[in-house]
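The lines below spell out each chain.
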Amino acid sequence: MPKISDARRDARRAEILEAARRAFAAKGYQHTSMAEVIAEAGLSTGAVYGYFEGKRELFAAVARTTLSRRSADLEAAAADGDPPAPAEILEIVLRGVLSEGFELPLLLQLWGEATVDPEMRGVVNMGFKELRNAFRAALTRWFEAHPEHAPDGAGPAAEGLLPVLMGIGQGYIFQSAMFDEFDSRAYLDGARRILPG
């Protein structure tokens, strides 16, 4: 049997991840079976299991991929000129998550699974470490460009604001997923009013 190229293997893996994302978005993590993911992918059982051991690994990979792309979004935004302000950093990340169709309730499910599953907890911690680093770098660039907001220096200012900005983002995700009356625009407008810049 001929070996497939690395590029073809990566493309097939991405195809399976996209099918899993659609399946999880439709029914949630707990209510989605591997058979449904396989059907969504339109591949054989062996083809899917050749890339992923099971549903947990698939869910973790979907989440990891989504979070790692947010780092690239922030780097691209900074390359366009004036670094984005803290509220814009938040909006870039949230817009990116939503644009991929990774439904916000799935993030809550991931966090919930992480409270009882050490492997999922590791995925969450690894993903958020990468995201924190991207937030930190974006905030540092902005404070360097706007030193009037950073009397003690860009690094300390970024470090101080980092957990607050992450918390505002997590609050957005939680409220958006849980409350029917959630007004995302009002939430982000409020964030703009309290964040520097």
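In this text the structure is predicted, and so the values were computed from the model without any measurement. (Residues numbered from 1 in each chain as written. Predicted model: local features only at pLDDT ≥ 70, side-chain atom pairs only at ≥ 80, totals over all residues. Heavy atoms only, no water.)

## A closer look at the overall build of the protein chain
Part 1 of the argument: Looking only at helices and strands, the protein chain has 9 helices and 0 strands in total.
Part 2 of the argument: Dimensions along the principal axes, computed over C-alpha positions, put the protein chain at roughly 65 × 40 × 30 Å.
Part 3 of the argument: Taken over 197 residues, the protein chain has a buried fraction of 47%.
Part 4 of the argument: Taking as baseline every contact in the protein chain between residues at least 6 positions apart, the subset at least 24 positions apart corresponds to 68%. (Helix = DSSP H or I, 4+ residues; strand = E, 2+ residues; numbered from the N terminus. Buried < 20%, exposed > 50% of the residue type's maximum accessible area, 1.4 Å probe, protein only. Contact = heavy atoms within 4.5 Å.)

## Section: the nonpolar core
Part 1 of the argument: Ranked by size, the top nonpolar core spans 66 residues in total, and within it Leu 58, Leu 74, Phe 135, Leu 139 and Phe 143 carry the most contacts.
Part 2 of the argument: The set of elements that each furnish at least two residues to this core consists of α1 (6–27), α2 (34–41), α4 (55–79), α5 (86–99), α6 (104–114), α7 (118–145), α8 (154–178) and α9 (184–194).
Part 3 of the argument: For this core, the element with the most residues is α7, which contributes 11 residues.
Part 4 of the argument: With sequence-adjacent residues up to four places away left out, Leu 139 is seen in contact with Pro 86, Ile 89, Ala 158, Leu 161, Leu 162 and Leu 165. (Core = buried A, V, L, I, M, F, W, Y, C linked by side-chain atoms within 4.5 Å.)

## Thoughts on the packing of α6 against α7
Part 1 of the argument: Running from N to C, α6 and α7 cross one another at 125°; their axes reach a closest spacing of 7 Å. In terms of their interaxial angle, α6 and α7 are classed as oblique. The two elements α6 and α7 meet at a crossing, and its hand is left-handed. Here α6 contributes Leu 110, Trp 111, Glu 113 and Ala 114 to the contact with α7, which in turn contributes Met 120, Arg 121, Val 124 and Phe 128.
Part 2 of the argument: Split into classes, the residues belonging to the contact of α6 with α7 amount to 6 nonpolar, no polar and 2 charged. (Axes fitted to C-alpha atoms, helices over the stretch in contact; angles between N-to-C directions. Parallel < 35°, antiparallel > 145°, perpendicular 65-115°, else oblique. Left-handed = near helix turned anticlockwise from the far one by under 90°. Nonpolar A, V, L, I, M, F, W, Y, C, P; charged D, E, K, R; others polar.)

## Some thoughts on the confidence of the model for the protein chain
Part 1 of the argument: Model confidence for the protein chain is summarised by a mean pLDDT of 87, while 96% of its residues fall at 70 or above.
Part 2 of the argument: In the model of the protein chain, α4 stands out as the element of lowest mean pLDDT, 80, in contrast to α9, which has the highest, 95. (pLDDT = per-residue confidence, 0-100.)

## A closer look at the packing of aromatic side chains
Part 1 of the argument: For the structure shown, the criterion picks out 9 aromatic pairs.
Part 2 of the argument: On the numbers, 5.8 Å between centres and 85° between planes, the contact of Phe 174 with Phe 179 is edge-to-face.
Part 3 of the argument: According to the relative accessible area criterion, Phe 179 is partly exposed, its value standing at 44%.
Part 4 of the argument: Clustering of aromatic rings is evident, with ring pairs tying together Phe 24, Tyr 29 and Phe 59. (Phe/Tyr/Trp six-rings, centres within 6.5 Å; stacked < 30°, edge-to-face > 60°.)

## Focus: the packing of α8 against α9
Part 1 of the argument: Direction vectors running N to C along α8 and α9 enclose 165°, while the axes themselves pass 11 Å from each other. One element, α8, and the other, α9, form an angle in the roughly antiparallel class. The handedness of the crossing between α8 and α9 comes out as right-handed. Across the interface between the two elements, Ile 168, Gly 171, Tyr 172 and Gln 175 from α8 touch Ser 184, Tyr 187, Leu 188, Ala 191 and Ile 194 from α9.
Part 2 of the argument: Residue composition of the contact of α8 with α9, grouped by class: 6 nonpolar, 3 polar and no charged.

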